Amino acid sequence: MAGGNARFLGATDVHVLIVDDGRVLLLRRGPDAEYGPGLWTLPSGHVEDGEDVVTAAVRETHEETGVALTPELLRCELVMQHRGPRATAKARTGWFFRAVGLTRATGRPYNAEPHKHSELMWADLDDLDSVPGGMVAYVRAGLDAIAEGRPYALHFQEPGTAVAHVPGTSALVPLAAADHHNVPLRRALGVREWLRIGGPWTWHADEPVPDGLPVGQSWGWLFAPDGRALVLAAPDGGLNMPGGTVEPEDADALATLRREAYEEAGAVLADSVHVGYLHDHQGLMYRGVPSARVRIAARLASLGPAGVDPATGVTWRRLLAPPRMIAALLGGGQESLAEALAAQRTAHERLGVPLCDAWTVEEVSKEGTDFE
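Residues numbered from 1 in each chain as written. Predicted model: local features only at pLDDT ≥ 70, side-chain atom pairs only at ≥ 80, totals over all residues. Heavy atoms only, no water.

This next bit is on the packing of aromatic side chains. Counted by the stated rule, this structure contains 2 aromatic pairs. Ring geometry for W95 and F97: centres 6.4 Å apart, planes at 15°, overall stacked. Between the aromatic rings of F96 and Y138, the centroid separation amounts to 6.0 Å while the plane-to-plane angle is 90°, which identifies the pairing as edge-to-face. Of this pair, F96 sits in strand β6 (residues 92-99) while Y138 sits in helix α2 (residues 137-147), placing them 42 residues apart in sequence. The buried category is assigned to F96, whose relative accessible area is 0%. Judged by relative accessible area, which is 6%, Y138 ranks as buried. (Phe/Tyr/Trp six-rings, centres within 6.5 Å; stacked < 30°, edge-to-face > 60°. Helix = DSSP H or I, 4+ residues; strand = E, 2+ residues; numbered from the N terminus. Buried < 20%, exposed > 50% of the residue type's maximum accessible area, 1.4 Å probe, protein only.)

Put into structure tokens, the structure is as follows:
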């Protein structure tokens, strides 16, 4: 003991996100539940004596939903310390996992413990406020932290506040995390992060480039039919998105993207939509002139045979990965993640591209592929 205070022995709980096409599985606590009756929550529970958090997550998910996970299917999204609103509440630590790679073998979820939960539902992750009857505030805070790309957080509720989430209010406090740059994943793929030159770069989602700000670059979030996007890797491991510098002969930013994507990756684009732009305030790549780096989302029609990029003299490896993973691989922190999520949302809403829930990378063959 230090200073005469008793050592803290808090409980640990686990929560599992099962996501399908942008919807997350929720369970409704029964009317006789000791905490939060009638409120919606994730498959979850306490870590039992002798268990690790992964074993507990697998067990609780199967007990509550019938879904048979294995440790290999779990990805840790968030660790959050929480204290509930009751006067006697003690702090606890919650581990939030996402289940990936679900198949018929893992089973379809159902209400496996009707004595604990009255029903289940699939809730739109982009509209959790519309969940009928409300959610447990702790669980909603966890989902909000994950949506923001925050891997660590605190959620200490003031005594007497509501157990249920109240729209517009939250006790969530994200913690600044060391950026480990996804070193193991980059090592496995043989790639390295893309380094931004100069700063600051400010992301402007869903906004046109203002008059007077020249467009220096046009990059694309180019989506395959399964919702993964194209990212390019050079022989030395350097990463890049399809696109490049706007040339005088290009009619507009989309023309730049179509030309560059074909030269770099043999990519032929279908329909497209403007996502936003990055304001490069220093413009070190453009003779010190502040400029806009435009971002466009498009559906991929095809990827032709791999060839030498005339601008760089290299043959790019073509990787298909979920937008969140691309943001993590490229680096750039919250700005990079905000851009990726904006591109994914815009492509889903405007182009009908499905939301990709997988966490897998596929390298396109040198022969290429047709998507339409």
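From this point, things continue past the structure.
Before going further, it helps to examine the pairing of strand β1 (residues 12-20). Where burial is concerned, most of β1 is hidden: 7 out of the 9 residues are buried. One ladder, built from 3 bridges, connects β1 with strand β4 (residues 44-46); its direction is antiparallel. The residue of β4 that forms the bridge with D13 is H46. Taken together, the 2 bridges between β1 and strand β2 (residues 23-29) define a ladder with antiparallel strand orientation. Bridging across to β2, D20 finds its partner in R23. Counting the residues between successive antiparallel strands, the hairpin from β1 to β2 contains 2 residues, one of them, D21, with a positive phi of roughly 55°. (Pairing = 2+ DSSP bridges.)

Attention now goes to the nonpolar core. Note on soluble globular proteins: their nonpolar side chains tend to be buried together. With 30 residues, the main nonpolar core has V191, W221, F223, L239, M241, A297 and I326 as its most contacted residues. Elements with a contribution of two residues or more to this core: β10 (201-205), β11 (215-223), β12 (229-233), β15 (267-280), β17 (317-321), α5 (323-330) and α6 (333-351). Sequence-distant contacts of M241, that is, excluding residues within four places in its chain, are made with W219, G220, W221, L230, V231, L232, E264, I326 and L330. V19, M121, M135 and A141 belong to the second-largest nonpolar core, a separate cluster that totals 25 residues. (Core = buried A, V, L, I, M, F, W, Y, C linked by side-chain atoms within 4.5 Å. Contact = heavy atoms within 4.5 Å.)

Judged by side-chain charge, D124, D126, D127 and E349 come together as a negatively charged surface patch. Checked against the element boundaries, D124 lands in strand β7 (residues 117-124). (Patch = residues over 30% accessible without salt bridge, like charges linked within 9 Å, V, L, I, M, F, W, Y side chains within 5 Å. Areas by Shrake-Rupley, 256 points an atom, 1.4 Å probe, with all protein chains shown as cover. Salt bridge = Lys/Arg side-chain N within 4 Å of Asp/Glu carboxyl O. Lys, Arg positive; Asp, Glu negative; His and termini not counted. Charge placed at Lys NZ, Arg CZ, Asp CG, Glu CD.)

All right, on to the packing of α5 against α6 then. Across the interface, α5 lies against α6 with an axial gap of 9 Å and an inter-helix angle of 155°. The orientation of α5 relative to α6 falls into the category roughly antiparallel. By crossing handedness, the relation of α5 to α6 is classed as right-handed. Between α5 and α6, the residues in contact are P323, R324, A327 and L330 and S336, L337, A340, L341 and Q344, respectively. In terms of residue class, the contact of α5 with α6 is built from 6 nonpolar, 2 polar and 1 charged. (Axes fitted to C-alpha atoms, helices over the stretch in contact; angles between N-to-C directions. Parallel < 35°, antiparallel > 145°, perpendicular 65-115°, else oblique. Left-handed = near helix turned anticlockwise from the far one by under 90°. Nonpolar A, V, L, I, M, F, W, Y, C, P; charged D, E, K, R; others polar.)

The next subject is the pattern of salt bridges. In the structure shown here, the tally under the stated rule is 26 salt bridges. Residue E60 is joined to R59 by a salt bridge in which the shortest nitrogen-to-oxygen separation is 3.1 Å. Pair check on accessibility: E60 and R59 agree, each one buried. The partner of K116 in a salt bridge is E113, and the shortest N-O contact between them spans 3.2 Å. Taking relative accessible area as the criterion, K116 reaches 33% and is therefore assigned partly exposed. Overlapping salt bridges, with partners in common, bring together E48, E51, R59, E60 and E63 in one network.

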